[in-house]
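Here is what each chain is made of, one letter per residue.
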Amino acid sequence: MLIFVCSTLPLVLLNGGFYLDGDYCKQYIPFHIETRRMLESGSLWWSWNSGFGCNFIGSYSYYTLFNPFSLLIILAPIPLIPHTMYIVQILKFAIGAYIAFHYLRMFVNNRLATLGSLLYIYASYITSIFWFYNFMDATILYPLILISIERYIKEGKKDYGHIALAFFINAISHYYLFVGTIIGTLIYGLVRIFSEDWKNNIRSRFFYVILSAVLGTTMAAFVFLPAGYAITGGARGSQPIGTGVTTIITRLTSLFFPIDGRGCNAVIPWAGSFPPSCCLPIVSATIAIAYVIKNPRSWLSCILAIFTLCLATPYCAGIFNLYTEPAYSRWLYQMIMMLALATVLYIQEYGSRTKLLKQLAWVVTIIIIATIAATTLIMFLYKNEYLPDQLQLWCERIIKDYPYPFTTSVGLSAISLALLNQALLLLYLYNKSIKMRYLLLFIGISGGLQYTAYLYNHQTRGYDFYNGNISHTFTHRYAFDDYKVENTGQYYSKPSPNHYHSILDKNLAPLHQLKQMGFSSINYKTDALYALSSVKTVITDDNTSNYPGEIIGEQPFPYYIPMGFTYDSYLPQSEVIKWSQTVDTIPLYHLMLATIIIPDSNITQLPSSMTQYSIPDTLPHISTLTEQRRKACCSSFVGTSDGFTAQIELEQPEIVFFSIPCNEGFTVKVNGVEQQPIKVNIAFMGILCNEGINHITAQYRTPLLHEGVIISILALLLMCCAVYINNRLQSKTRYET
């Protein structure tokens with residue numbers, strides 16, 4: 001923990017706080033702010049500050065809502081949330097090392113368990129996920145499952161209910177990564193069954209372990225069911241799956257090369273951003289390989305072989321997230337734990353200066369130097385077009401525009417760290433006067449340097465964004481001119497369509513599947529989109545970094561239309577889809593201002609006054625269309641975290657459009673009569689209203705939350721019964737004995 005503080009404190013003092021570019025500032029800070037705001041609002045149903053609005057529980061359980069570390073953060077006042085995140089990050093390191101220590105201590109002595117815990121918490125993987133703030137939580141909490149299972153199977157008399165609790169905590173912390181944890185734990189258990197220290201007890205205790213795991217997971221149903229509803233059918237981009245020799249080699253080299261300051265492979269720059277990385281500081285995988293050589297038939301060697309196969313081949317790794325993101329390597333915390341365990345077990349059984357270790361250390365050193373030389377030579381020949389045509393084309397496809405590793409400070413520092421690690425390892429192996437405590441120091445220095453390089457490359461200056469004006473009601477939206485940070489509106493509590501969220505409302509998915517749509521954000525700066533989403537004010541800030549700046553100007557948006565407006569024509573959705581496939585440029589939002597898009601099955605419900613629209617070669621100007629839409633729009637609209645209320649007066653029956661996802665959780669009433677909304681304009685809500693004054697109320701409740709809570713309570717009661725029965729049986733056995 002002290003090393004982490006020393007690595008980060010200079011940047012904290014320089015930037016006025018701990019701020020990183022990318023997802024850290026674009027998602028994790030604003031999402032914690034929004035979570036705090038929602039708690040202050042008094043209910044957790046609907047978030048207006050999330051793009052077009054979203055199911056808060058279903059969407060934010062992925063990031064903040066039930067995560068125990070995030071709950072600590074949102075206890076802080078809003079202006080202190082970025083600083084509290086830094087303090088909690090320090091706490092995460094301490095807790096992660098502590099839990100890892102207790103798992104490793106079940107196999108080795110305290111000194112080696114300390115060594116292994118440092119290898120675990122300072123591994124390259126931890127650094128590579130640093131700005132994905134909540135990804136680290138699975139890394140920290142995963143060993144709890146292993147500890148609870150090991151203790152129960154080995155000792156039997158301890159940890160009644162602890163297995164269920166460990167699964168429950170992991171499940172609510174990050175349900176997506178928990179899928180990988182379950183798969184990895186199954187591999188661990190299936191292999192471990194055949195080990196000598198499990199054989200004698202596994203038969204009598206296997207059922208209780210499975211029951212506890214199932215009940216502990218089921219206790220998190222109040223998270224799984226609403227989240228499952230939120231993500232099922234939602235649009236999410238997939239990374240391409242590499243299958244060639246280059247991919248396999250690149251992924252395997254991550255066992256020996258630390259990542260650079262960009263989060264990329266240190267000496268293979270074309271490996272891409274955030275490649276797999278499971279290099280342990282100083283020792284890399286060297287000692288773990290020695291353990292496998294010495295113990296090829298051990299359970300740990302078998303697990304490492306399986307994990308290495310998954311590391312090398314994305315198709316195998318895809319099982320850890322059920323192939324939703326086959327190239328996504330967020331399961332590697334399990335591999336680095338096994339690497340750390342193999343490292344300390346080898347040292348305990350064979351010593352830390354064996355002939356085999358020295359040989360392997362030289363082999364790895366030669367591989368690193370050879371890779372650096374080969375990378376530099378290949379890139380030099382490619383840049384100067386000295387390669388044969390076929391190889392030149394191959395490099396054009398693979399290397400693209402990456403710089404020489406030695407020509408950038410990022411690449412040079414990463415290569416230097418790789419060589420420093422090997423130099424310190426060789427120094428320790430050949431100098432017997434260097435004690436184990438110095439190896440611990442070397443590991444800390446290496447880990448600290450890696451963090452420093454990474455954080456220095458991703459640092460950004462912060463700004464005191466808080467102005468005290470936190471609103472819990474919604475009437476219109478804002479747009480941010482020339483914004484550099486998605487979700488800027490959440491910093492200022494100003495709802496905006498300029499939004500990014502990994503958990504996209506599934507009702508918006510069809511919108512993103514058309515041309516010119518992004519995969520999980522709607523952040524296009526177009527006047528048509530702003531008009532459609534009822535943007536009233538355009539804000540300019542003095543943003544000079546990847547963090548919101550001070551607001552320096554607010555201008556009224558000229559094409560503002562109040563929330564809730566009507567159309568005099570419609571267009572069948574099937575025609576829009578055909579049209580989108582035949583033209584290169586689709587002014588989709590512009591078209592939605594001209595006419596309302598209706599599912600073919602709902603056309604019979606439309607008022608008779610509406611006629612079918614014929615798409616012209618050139619759509620009318622936005623100013624003309626906004627004037628038409630303003631003719632019949634809501635005189636009042638107020639949104640809260642419970643839903644919204646609106647009022648509109650019509651001369652004839654109309655369908656009223658709201659730029660809100662047509663989520664099934666809404667219960668809509670018009671003049672007190674419940675009505676089923678229609679999904680219009682691909683993804684949004686349309687409500688049929690009658691002639692005269694219409695009072696519209698829409699109450700939102702999270703789908704499947706009630707069912708999830710009931711299932712969780714039942715699972716908890718069953719778990720309590722199982723613990724009670726188990727205790728009674730144990731007491732009876734002791735009494736009879």
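Here, every reference points to the structure presented above.
These numbers were taken from a predicted model, which means no experiment stands behind them.

A. Molecular detail of the nonpolar core. One finds Tyr-103, Leu-115 and Met-338 to be the most contacted residues of the largest nonpolar core, which totals 162 residues. Looking at this core, the element that brings in the most residues is helix 17 (residues 332-350), giving 14 residues. For Leu-115, the residues in contact, after removing those within four places along its chain, are Val-344, Ile-347, Met-436, Leu-439, Leu-440 and Ile-443.

B. The environment of Ala-97, seen in detail. Checked against the element boundaries, Ala-97 lands in helix 5 (residues 81-104). Here Ala-97 falls in the buried class, since its relative accessible area comes to 18%. Spatially, the C-alpha atoms of Ala-97 and Ile-140 are 7.8 Å apart, while their sequence positions differ by 43 residues. Residues within four places of Ala-97 in sequence aside, it is in contact with Ser-117 and Ile-121.

C. Molecular detail of the sheet that holds strand 17 (residues 678-680). Spatial ordering of the open sheet is given by 8-14-18-17, a layout of 4 strands whose pairing is antiparallel. The open sheet terminates on both sides in strands that have one partner only, identified here as strand 8 (565-566) and strand 17. Where strand 17 meets strand 18 (residues 684-689), 3 bridges bridge the pair, whose relative direction is antiparallel. Bridge pairing in strand 18 places Ile-678 opposite Gly-686.

D. Focus on the pattern of salt bridges. Summed over all chains, the structure comprises 9 salt bridges. Ionic pairing is found between Arg-36 and Glu-40, a salt bridge with its closest N-O pair at 2.9 Å. With Arg-36 and Glu-40 both in helix 2 (residues 23-41), this residue pair falls 4 residues apart, about one helical turn. Here the salt bridges share partners, and the residues they tie into one network are Glu-150, Lys-154, Arg-192 and Asp-197.

E. The arrangement of the sheet that holds strand 7 (residues 551-556) in detail. Pairing within the open sheet is mixed, and its 3 strands lie in the order 3-6-7. Two strands bound the open sheet, and with one partner strand each, they are strand 3 (477-480) and strand 7. Along the sheet, successive strands turn relative to each other by an average axial angle of 30 degrees, direction set aside. Two elements, strand 6 (residues 535-541) and strand 7, share 5 bridges in a ladder whose sense is antiparallel. By the bridge assignment, Ile-539 is partnered in strand 7 with Glu-554.

The rules behind the values
- Residues numbered from 1 in each chain as written.
- Predicted model: local features only at pLDDT ≥ 70, side-chain atom pairs only at ≥ 80, totals over all residues.
- Heavy atoms only, no water.
- Core = buried A, V, L, I, M, F, W, Y, C linked by side-chain atoms within 4.5 Å.
- Buried < 20%, exposed > 50% of the residue type's maximum accessible area, 1.4 Å probe, protein only.
- Helix = DSSP H or I, 4+ residues; strand = E, 2+ residues; numbered from the N terminus.
- Contact = heavy atoms within 4.5 Å.
- Pairing = 2+ DSSP bridges.
- Salt bridge = Lys/Arg side-chain N within 4 Å of Asp/Glu carboxyl O.
- Axes fitted to C-alpha atoms, helices over the stretch in contact; angles between N-to-C directions.

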